[in-house]
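Structure at a glance
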Amino acid sequence: MTLAFDEQTNQRLAETIDLAQHIDHALLHPAAGPQHVEQWCAEADRFGFAGVCVMPTHVRQAVSLLHNRRPVVICPIGFPSGATTTRTKCTEAEEALEQGARELEVMLNLGWLKAGAADAVHREIAEIVEMASASALVKVILEWSLLESAERQLAVEIAMDAGAAFLKTHTGWNGGVSIEDVRLLKDWTRGRIGIKAAGGIHTTDQAIALIEAGATRLGTSRGVDFLRRDRSAGWAAETEEPPTA
């Protein structure tokens, strides 16, 4: 679908949508180091992003940097393949929670789903949801582009029934989100669960269009670029060019 946004339309929507509160500032590149975590956390705090999404090895640092700040620390579990064992995912989730992560993004096991092992997929998600329930919410990553239509519907039903708080469209490693993806998810879920659009969000117009379509969060490493024009005039921090997911 072509995004038909002219400058006037974009300005109108930008004035009514607070992009920052929708953005999960993603730092999921395997080469990202402590200096990037520090940069991402400083940017998330400065711009008022919803959260910072970092790999498990960076959770402790991010939690320390964002202590008593608005952005929450988000940690992916079983990322990016989802093919680790349930025990491994639970151990990963437990450690992230102990270190202060407040949101977990669990990559579902696509192999199980495609093989018809719906009960196993449900049990795994439900176990992590129960583990996290006292201190964190759970998002389930669907990796939408790798699923057929019936598999998509099944994955949505499983995640919702297992108690997930959000559905995330993609890891960003296997295709990107479209407006149609989000509209379909909104139609299927009817507002009963959050929708996080992720993967291939490159422009402010696209970000706004995804929110208009029903996304309640956006996973992107480009949030600063989206907001700098409107909210950081004159901001000239000298930072290293970051890796992008």
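To be clear, the structure that these remarks concern was listed above.
Residues numbered from 1 in each chain as written. Predicted model: local features only at pLDDT ≥ 70, side-chain atom pairs only at ≥ 80, totals over all residues. Heavy atoms only, no water.

1. With respect to the packing of aromatic side chains
Tallying each qualifying case throughout the model produces three aromatic pairs. Measuring from centroid to centroid gives 5.9 Å for F47 and F49, while their planes differ by 15 degrees, and the two rings are stacked. The class for F49 is buried, based on a relative accessible area of 0%. Here F79 and W173 contribute two aromatic rings whose centre-to-centre distance is 5.8 Å and whose plane-to-plane angle is 90 degrees, an arrangement assigned as edge-to-face. Here F79, found in the loop between β3 (72-77) and α4 (86-98), pairs with W173, found in the loop between β6 (166-168) and α8 (179-189); they are 94 residues apart in sequence, far enough to count as distant. Since its relative accessible area comes to 14%, F79 is described here as buried. (Phe/Tyr/Trp six-rings, centres within 6.5 Å; stacked < 30°, edge-to-face > 60°. Buried < 20%, exposed > 50% of the residue type's maximum accessible area, 1.4 Å probe, protein only. Helix = DSSP H or I, 4+ residues; strand = E, 2+ residues; numbered from the N terminus.)

2. Points about the nonpolar core
Counting 75 residues, the largest nonpolar core has L104, L142, L210 and L218 as the members making the most contacts within it. The element that contributes the greatest number of residues to this core is helix α9 (residues 204-213), accounting for six residues. (Core = buried A, V, L, I, M, F, W, Y, C linked by side-chain atoms within 4.5 Å.)

3. Overview of the pairing of strand β5 (residues 137-141)
The element β5 is largely enclosed, with a buried count of four among its five residues. Bridge analysis of strand β4 (residues 103-107) against β5 gives five bridges, and the strand direction is parallel. Note that in β5 the partner of V106 across the bridge is V140. Inspection of the sheet shows β5 paired to β6 by three bridges, in the parallel sense. By the bridge assignment, K139 is partnered in β6 with F166. This β-α-β element, β5 to helix α7 (residues 149-161) to β6, shows right-handed connectivity. (Pairing = 2+ DSSP bridges. Right-handed = clockwise from strand over helix to strand, strands pointing away.)

4. Here's the deal with the side chain of T220
The topology assignment puts T220 in strand β8 (residues 217-220). Discounting residues that sit within four places of it in the chain, T220 has contacts with I23, D24, H25, A26, I201 and F226. (Contact = heavy atoms within 4.5 Å.)

5. A look at helix α2 (residues 34-47)
Between the first and last C-alpha of α2 there are 20 Å, a value that for 14 residues agrees with the 20 Å anticipated at 1.5 Å per step. Of the positions making up α2, those classed as buried are H36, V37, Q39, W40, C41, E43, A44 and F47. G48 lies just past α2 and shows a positive phi near 75 degrees. (Expected span 1.5 Å × (residues − 1).)

6. Comments concerning the environment of A159
Looking at the element boundaries, A159 is found in helix α7. The class for A159 is buried, based on a relative accessible area of 0%. Along the primary structure A159 and V121 are separated by 38 residues, whereas in three dimensions their C-alpha atoms are 8.6 Å apart. Each residue touching A159, except ones within four places of it in the same chain, is listed here: I125, V140, A164 and L167.

7. Looking at the pattern of salt bridges
One pass over the structure, following the stated rule, counts twelve salt bridges. Of the charged contacts in the structure, one is a salt bridge between K196 and D24, with a shortest N-O distance of 2.9 Å. On the criterion of sequence distance, the pair formed by K196 in strand β7 (residues 194-198) and D24 in strand β1 (residues 23-27) is long-range, its members being 172 residues apart. Like D24, K196 is buried. Each of the salt bridges in this network shares a partner with another, and the network as a whole consists of D24, E103, E105, K139, K168, K196 and R217. (Salt bridge = Lys/Arg side-chain N within 4 Å of Asp/Glu carboxyl O.)

Function cannot be read off these values alone, since they describe shape.
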